[in-house]
There are 2 protein chains.
Amino acid sequence: MKFEAATIKDIAKALGLSTSTVSRALRDSHEISPETKKLVLEYAEKINYHPNPIALSLKERRSRTIGVLVCEIANSFFSQVINGIESIAYKSGYNVIIAQSRESFDREILNLQYLTSRSVDGLIISVSTETTDFSYLKDLHQKGMPIVFFDRIVSEIDTHKVIADNYAGAYNATTQLIKSGYKRIAAISNPEMLSISKERLAGYRKALADNGIEADEALIKYCKHGGMIGDEVNIVLLELLGQSQKPDAIFTTSDKLTTGCLRILKENGISVPGDIGLLGFSNNDLTELFDPALSVIKQPAFEMGEIAIGYLLQLIESKHPVTDFETKVLPTELFIRNSTK
Amino acid sequence: MKFEAATIKDIAKALGLSTSTVSRALRDSHEISPETKKLVLEYAEKINYHPNPIALSLKERRSRTIGVLVCEIANSFFSQVINGIESIAYKSGYNVIIAQSRESFDREILNLQYLTSRSVDGLIISVSTETTDFSYLKDLHQKGMPIVFFDRIVSEIDTHKVIADNYAGAYNATTQLIKSGYKRIAAISNPEMLSISKERLAGYRKALADNGIEADEALIKYCKHGGMIGDEVNIVLLELLGQSQKPDAIFTTSDKLTTGCLRILKENGISVPGDIGLLGFSNNDLTELFDPALSVIKQPAFEMGEIAIGYLLQLIESKHPVTDFETKVLPTELFIRNSTK
DNA sequence: TTTTTTTACGCAATCGTTCCCGAAAAAAAT
DNA sequence: ATTTTTTTCGGGAACGATTGCGTAAAAAAA
């Protein structure tokens, strides 16, 4: 079965007018008489006419659809960002197509091909942990595709970007750990190449340095797939805990790593914060209900989404090529709870 | 700036052929000579030609886009269902547009209008807690729009449906509570009109009855907005705990209610399961990390999504009107943890 | 050699909408 | 009464791709 919508032709035929007249009447053109307008408008209302967006897209050479590429929508941070994006996109008459890379570079490229082949007007992207080759994105951007990056940005591509103040967030969190008396603070991070990893680890290192603690490279671990695959987190945790000089606290740089860490620690009967302190980036709303309540750094996810879509619409609707790009940096929030002493 | 894709005309002009020849060559028609085909294919590859899906949609009178309407994507259950939907839709060359009602009837209608005006080929819907008037949906369905319901279904509309075995899930959970020694088991539910509420409360009542416990209507509370708005959960909890004969356990019928309940109880210093036991429906992956680890009933969310999109594609791609509809009922899983003794 | 068949391609309509032109009718100016 | 202007509307091309139909040339059959 098909759902057949009314067209402008139906109206024209029923009223004995031409399609041009009907079209103009619907758009309230001055060159249509008030009587004809009334006739058309009333009949359109009656048969519940709505312009076919596909025909419009073809004519206007724009789809009024934007693509959002994230690693996973089930992740609180990303679903909050998407909420922010959709709230504005919706008001502006844009569709949002969401694609998930699940931290795989291959899937990212596939999704990108899919989104562009569906002729999106622009893209909002947070790259996967695996992505080190940006040539596909560069190519797309160079061909004129409007792109806005958020969270995991690509420094080599010059466009609008939206990030949290990862450096300060990590710095403050690490400082807090030090103030609480922790001496050997380990870090578990996404791959080093990722912008957020660099920034957050830089903040971590600076906080250590400012407090006269030498960063021990053996205490800095990376999870290639951001904790998405298998027992990645388990492995690095075992490495950390197997050292002669065990860490007394762990700083994690992403949602999945933070909750993943707590899970593994609990499974192994390691008390938090008794045996080891835990503090990390997380936007999950339920971390305060955890045992122990997690100390976390939160990003203003919804707002990041709103700003990203604002930038994108600006790019899409600009008449002239934009050459002046902004990077919006938003403050993070630190919540100290019971997973740190 | 605009992103201009190559068209069939570009190929035709460059090669001195007609667009029909190019189109046929690309579709490997038998009435095009091998040499011409080779020429066209190679040039198409060179300029990275991809057929314009919008033009195809207009011609084929289908958008290859489906709409998904849920109350909130940040809810684990729904994001898991969406993952299931997208995994299959993607493979079948369909787009997915997601809309959120946030448990508001008005927003639901607005979203429905939006989705149909964007000419989706079909809809997958879980209605909001506020929805009691199904006339808009009925109208849409009657006009030929393929619709599949999941989770919160509409019994009055005859189409494919996918649900968990809510009755059995609730029955088993309540039985478990009784076996654990709980005597006065309260229930906090979404509005009574909602299909899942009816089914889950029916299971709850039957379990009580089968164990010789009379259901006390004062122990059954409803949250009009599913715990989305303000202090709904707080209010019903206070009502429950203010009774002369306090409940010794609470059974909650949805994700938001379950976690909301735990939050309020903890805020008020009420020990779980010491003072009161808690068990409810939830698909959140982190409930085992909670304090206390939550006892939950889980639905096979991903699978529900897969089945729903399967049904929908079947409806969309059927040549003849479908009159024989199925309701798939999937088993739930019970996880007993520390929020019940 | 002539006729028939096959091959290989082009023309034009179509999907729904907009918009540039042209034109008839009505109104205004001469 | 005639010309000019304005109002109001229709014809048709365009957006990108597909497809039924027509046809020239080449190949095959007579």
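One can find the structure itself at the top, above this paragraph.
Here we take up the protein's contact with DNA strand D. In the vicinity of DNA strand D there are 28 residues, among which Thr21, Ser33, Thr36 and Arg61 of chain A together with Ile8 of chain B approach most closely. In DNA strand D, atoms within 4 Å of the protein come 60% from sugar and phosphate. The separation between a phosphate oxygen of DNA strand D and a polar main-chain atom of Ser33 of chain A is 2.7 Å. Within the side chain of Lys59 of chain A, an N or O atom sits 3.4 Å from a base nitrogen of DNA strand D.

Moving on, we come to the interface of chain A and chain B. With 58 residues of chain A at the contact, the number on the chain B side is 58 residues. For the interface between chain A and chain B, the tally reads two salt bridges. The partner of Glu288 of chain A in a salt bridge is Arg263 of chain B, with the nearest N and O atoms 3.0 Å apart. Elements with a contribution of two residues or more to the side of chain A that touches chain B: α4 (53–60), α5 (76–91), β2 (95–100), α6 (105–117) and α11 (255–267) of chain A. Among the residues forming the side of chain A that touches chain B, the class breakdown is 26 nonpolar, 18 polar and 14 charged.

Another point: empty space enclosed by the protein. Going through the model one piece at a time under the given rule, you end up with three cavities of 30 Å³ or more. Along the wall of the largest cavity there are 18 residues; nearest its centre are Ile54 and Thr65 of chain A together with Ile54, Thr65 and Asn95 of chain B. Listed by contribution, the elements that provide at least two residues to the lining of the largest cavity are α4 and β2 of chain A together with α4 (53–60) and β2 (95–100) of chain B. Of the residues assigned to the lining of the largest cavity, the class counts are six nonpolar, ten polar and two charged.

Looking now at the protein's contact with DNA strand C. Neighbouring DNA strand C are 27 residues, the closest being Ile8 and Ser23 of chain A together with Ser18, Thr21 and Thr36 of chain B. Close to the protein, within 4 Å, the atoms of DNA strand C belong to sugar or phosphate groups at a rate of 61%. At a separation of 2.8 Å, a base nitrogen of DNA strand C approaches a polar side-chain atom of Ser20 of chain B. For DNA strand C, a phosphate oxygen lies 2.6 Å from a polar atom in the side chain of Thr36 of chain B.

What follows is about the packing of aromatic side chains. Applying the stated rule across the entire model yields 15 aromatic pairs over all chains. Residues Phe78 of chain A and Phe150 of chain A carry aromatic rings whose centres are separated by 6.1 Å and whose planes lie at 70 degrees to one another, so their mutual orientation is edge-to-face. Pair noted here: Phe78 of chain A is in helix α5 and Phe150 of chain A is in strand β4 (residues 147–150), with a separation of 72 residues, a long-range link. Here the aromatic rings of Tyr204 of chain B and Phe251 of chain B are separated by 5.8 Å at their centres, their planes lie at 10 degrees, and the arrangement is stacked. Here the residue Tyr204 of chain B occupies a position in helix α9 (residues 195–210), and Phe251 of chain B occupies one in strand β8 (residues 249–252), the gap between them amounting to 47 residues. Comparing Tyr204 of chain B with Phe251 of chain B shows no difference in burial state: the two are buried. Grouping aromatic residues by their ring pairs yields a cluster made of Phe77, Phe78 and Phe150 of chain A.

Below, the discussion takes up the relation of the copies chain A and chain B. Screw-axis analysis of chain A against chain B gives a translation of 0.0 Å along the axis, an RMSD of 0.1 Å, and a rotation angle of 180 degrees. The symmetry that links the two subunits is that of a two-fold axis.

Residue and element names in this part refer to chain B. Taken N-terminus to C-terminus, the directions of helix α1 (residues 8–15) and helix α2 (residues 19–26) make an angle of 110 degrees; their axes are 8 Å apart at the nearest point. When the interaxial angle is binned, α1 and α2 end up roughly perpendicular. In this structure, α1 meets α2 at a crossing whose hand is right-handed. Contact residues: α1 offers Ile8, Lys9, Ile11 and Ala12, while α2 offers Thr19, Val22, Ser23 and Leu26. Partitioning the contact of α1 with α2 into residue classes produces five nonpolar, two polar and one charged.

All names here are of chain B. Structurally, Asp165 is set in the loop between β5 (161–164) and α8 (166–179). In this structure the C-alpha to C-alpha distance between Asp165 and Gln299, which are 134 residues apart in sequence, comes to 8.4 Å. Excluding residues that lie within four positions of it along the chain, Asp165 makes contacts with Val329, Leu330, Pro331 and Thr332.

Residue and element names in this part refer to chain B. In spatial order, the strands read β7-β6-β8-β9-β10-β12; together these six strands make up an open sheet with mixed pairing. Of all strands in the sheet, those with a lone pairing partner are β7 (220–222) and β12 (333–335), marking the two edges. Across the sheet, the axes of successive neighbouring strands diverge by a mean angle of 15 degrees, strand direction being ignored. With four bridges connecting them, β8 and strand β9 (residues 277–281) associate as parallel partners. Opposite Phe251, over in β9, you have Leu279 as the bridge partner.

Once that is clear, we can look at the side chain of Thr36 of chain B. Inspection of the secondary structure puts Thr36 of chain B in helix α3 (residues 34–46). With residues near it in sequence (within four places) discarded, Thr36 of chain B still touches Leu17 and Thr21 of chain B.

Moving on to unusual backbone geometry. Of note, the amide linkage connecting Asp291 of chain A to Pro292 of chain A takes the cis form, showing an omega dihedral of 0 degrees. Tracing the sequence through the fold places Pro292 of chain A in the loop between β9 (277–281) and β10 (295–298). A positive phi angle, close to 65 degrees, is found at Glu103 of chain B, a residue other than glycine. Positionally, Glu103 of chain B belongs in the loop between β2 and α6 (105–117).

Attention now moves to helix α3 (residues 34–46) of chain A. Residue and element names in this part refer to chain A. Look at α3: 18 Å from first C-alpha to last across 13 residues, which is about the 18 Å you get at 1.5 Å a residue. Inspection of α3 places Thr36, Lys37, Val40 and Ala44 among the buried residues, and these make up the whole buried set. Seen along its axis, α3 keeps its buried residues to an arc of 100 degrees; they face one direction. Turned more than 90 degrees away from the buried face of α3, the exposed residues are Pro34, Glu35, Lys38, Glu45 and Lys46. On its buried face, α3 is in contact with α1 (8–15) and α2 (19–26). In the segment just after α3, Asn48 is the residue with positive phi, at about 60 degrees.

Before going further, it helps to spend a moment on the sheet that holds β9 of chain A. Residue and element names in this part refer to chain A. The six strands are arranged β7-β6-β8-β9-β10-β12 in an open sheet whose pairing can be described as mixed. Each end of this open sheet is capped by a strand with a single partner; those strands are β7 (220–222) and β12 (333–335). Here the average twist between neighbouring strands, direction ignored, is 15 degrees. On the sheet, helix α9 (residues 195–210) packs against β6 (185–189), β7, β8 (249–252) and β9 and is oriented at approximately 175 degrees with respect to β6.

Cut-offs and rules
- Here the residue numbering is sequential within each chain, running from 1 through the sequence in written order.
- Each chain takes a letter, starting from A, and each ligand takes a number, starting from 1, following the order in which they are written.
- Where local features are concerned, this predicted model is filtered to residues with pLDDT of at least 70; where side-chain atom pairs are given and counted, the filter is 80 or more; whole-chain, interface and lining totals use all residues.
- Side-chain descriptors were evaluated using all non-hydrogen atoms of the structure, hydrogens and water having been removed beforehand.
- In these notes, residues near a molecule or strand are those with any non-hydrogen atom within 4 Å of it.
- Polar contacts here mean pairs of N or O atoms no more than 3.5 Å apart (in protein, one a potential hydrogen donor and the other a potential acceptor; neighbouring residues in sequence count only if both atoms are side-chain atoms).
- By the convention used here, residues are in contact when the closest approach between their heavy atoms is within 4.5 Å.
- Should a side-chain nitrogen of Lys or Arg be within 4 Å of a carboxyl oxygen of Asp or Glu, the pair is scored as a salt bridge.
- Strands here are runs of E lasting at least two residues and helices are runs of H or I lasting at least four, both read from the DSSP assignment and numbered beginning at the N terminus.
- Residue classes follow a fixed rule: Ala, Val, Leu, Ile, Met, Phe, Trp, Tyr, Cys and Pro count as nonpolar, while Asp, Glu, Lys and Arg count as charged, and any other residue, Gly among them, counts as polar.
- Whether a set of points on the 1 Å grid over the protein atoms alone is a cavity depends on a 1.4 Å probe fitting there but being unable to get out, while an open set qualifies as a pocket with protein on both sides within 12 Å along at least five of seven lines; lining residues are those with an atom within 4 Å of a point.
- Grid points are joined across faces, edges and corners, and a volume is the space filled by probe spheres set on the points.
- The criterion for an aromatic pair is that two Phe, Tyr or Trp rings (for Trp, the six-membered ring) have centres within 6.5 Å, with stacked assigned to planes under 30 degrees apart, edge-to-face to planes over 60 apart and tilted to the rest.
- Per-residue accessibility, obtained with a 1.4 Å probe over protein chains only, is compared with the maximum for each type, and a residue is labelled buried under 20%, exposed over 50%, and partly exposed between these values.
- To line up the copies, we fit them by least squares on C-alpha atoms, keeping just the residues with pLDDT of at least 70 in both.
- Fitted lines through C-alpha atoms give the axes, limited to the stretch in contact for helices. The angle between two N-to-C directions lies from 0 to 180 degrees.
- If an angle is under 35 degrees, it is roughly parallel; if it is over 145, roughly antiparallel; if it lies from 65 to 115, roughly perpendicular; otherwise it is oblique.
- Left-handed describes a crossing whose near helix is turned anticlockwise from the far helix by less than a right angle; the clockwise case is right-handed.
- Criterion used throughout: strands pair if DSSP finds at least two bridges between them.
- Expected helix span is taken as 1.5 Å per residue step, with the number of steps being one fewer than the number of residues.
- Note: the arc covers the axis-to-C-beta directions of the helix.

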